[in-house]
Amino acid sequence: MTASTEVAPEELQELRTEIDALDAEIIRLWQRRAEVSKRIGEIRMANGGTRLVLDRERAILEKYRAALGDDGVQIAMLVLRSGRGPL
Ligand SMILES: C=C(O[C@@H]1C=C(C(=O)O)C=C[C@H]1O)C(=O)O
């Protein structure tokens, strides 16, 4: 008898196909977010504003922390860096 934790080869393949689709989407969203973030920065600086808005970055870090815990903070820092480059 098959234990409930065992996965049939076809199901494993289906799950891996889903993982591949999710990874592709995560990468697409990551790249698009960086583009949007850069564009906002360009517009702000062209209008005499600052490169960064720390209150906004803090709110984003907190949003990721609330959803994902400590890992969320690490992810948020990488997400923010991808839009503006390293400090
Ligand atoms: C994109 C912006 O500019 C910068 C980049 C941010 C981001 O990538 O989320 C947030 C704040 C700013 O430091 C913005 O002000 O919304």
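What counts and what doesn't
- Residue positions are counted from 1 within each chain, in the order its sequence is given.
- Thresholds applied to this predicted model are a pLDDT of at least 70 for local features of residues and 80 or more for the giving and counting of side-chain atom pairs; totals over whole chains, interfaces and linings are not thresholded and use all residues.
- Hydrogens and water molecules were not included; the side-chain quantities draw on all heavy atoms of the structure.
- For helices, the axis comes from a line fit to the C-alpha atoms of the stretch in contact; other axes are also lines fit to C-alpha atoms, and the angle between any two N-to-C directions lies between 0 and 180 degrees.
- Per the convention used, a helix needs a DSSP run of H or I reaching at least four residues, while a strand needs a run of E reaching at least two, with both numbered from the N terminus.
- Note that the term roughly parallel is reserved for angles under 35 degrees, roughly antiparallel for angles over 145, roughly perpendicular for angles of 65 to 115, and oblique for everything else.
- Crossing handedness is defined as follows: a turn of the near helix away from the far one that is anticlockwise and smaller than a right angle gives a left-handed crossing, while the clockwise case is right-handed.
- In this analysis, two residues are considered to be in contact whenever any of their non-hydrogen atoms come within 4.5 Å of each other.
- In this classification, Asp, Glu, Lys and Arg are treated as charged, Ala, Val, Leu, Ile, Met, Phe, Trp, Tyr, Cys and Pro as nonpolar, and every other residue, Gly included, as polar.
- Each residue gets one of three labels from its accessible area relative to the maximum for its type: buried under 20%, exposed over 50%, partly exposed in between, using a 1.4 Å probe on protein chains only.
- Salt bridges, as used here, are contacts in which a Lys or Arg side-chain nitrogen is within 4 Å of a carboxyl oxygen on Asp or Glu.
- Any pair of N or O atoms that falls within 3.5 Å is considered a polar contact. Within protein, one atom must be able to donate a hydrogen and the other to accept it, and sequence-neighbouring residues count only if both atoms are side-chain atoms.

1. Quick word on the packing of helix H1 (residues 9-46) against helix H3 (residues 70-84)
Then step 1. It is the contact of H1 with H3, at a shortest axis distance of 7 Å, that shows an interaxial angle of 55°. If you check the angle between H1 and H3, you find them oblique. Crossing handedness for the pair H1 and H3: right-handed. On H3, the residues touching Trp30, Arg33, Ala34, Ser37 and Lys38 of H1 are Leu78, Val79, Leu80, Ser82 and Gly83.
Then step 2. Residues of the contact of H1 with H3, tallied by class, amount to 5 nonpolar, 3 polar and 2 charged.

2. Some details on the environment of Glu62
Then step 1. Its place among the elements puts Glu62 in helix H2 (residues 54-68).
Then step 2. The class for Glu62 is partly exposed, based on a relative accessible area of 40%.
Then step 3. Sequence-wise, Glu62 and Val73 are 11 residues apart; in three dimensions their C-alpha atoms are separated by 7.5 Å.

3. Quick notes on the pattern of salt bridges
Then step 1. Tallying each qualifying case throughout the model produces 6 salt bridges.
Then step 2. Where Asp55 meets Arg58, a salt bridge forms, and the shortest distance between an N and an O atom there is 2.9 Å. Placement of both Asp55 and Arg58 in helix H2 is noted, with a separation of 3 residues, approximately one turn of the helix.
Then step 3. Note that Glu57 and Arg84 form a salt bridge whose closest N and O atoms lie 3.2 Å from each other. With Glu57 in helix H2 and Arg84 in helix H3, this residue pair connects regions lying 27 residues apart in the sequence.

4. Points about the side chain of Glu57
Then step 1. Judged by relative accessible area, which is 13%, Glu57 ranks as buried.
Then step 2. Only 3.2 Å separates the side chain of Glu57 from the side chain of Arg84, close enough to count as a polar contact.

5. Overview of the environment of Arg28
Then step 1. Counting through the fold element by element, Arg28 comes out in helix H1.
Then step 2. Remark: the alpha-carbon pair of Arg28 and Thr17, spanning 11 residues in sequence, is separated by 17 Å.

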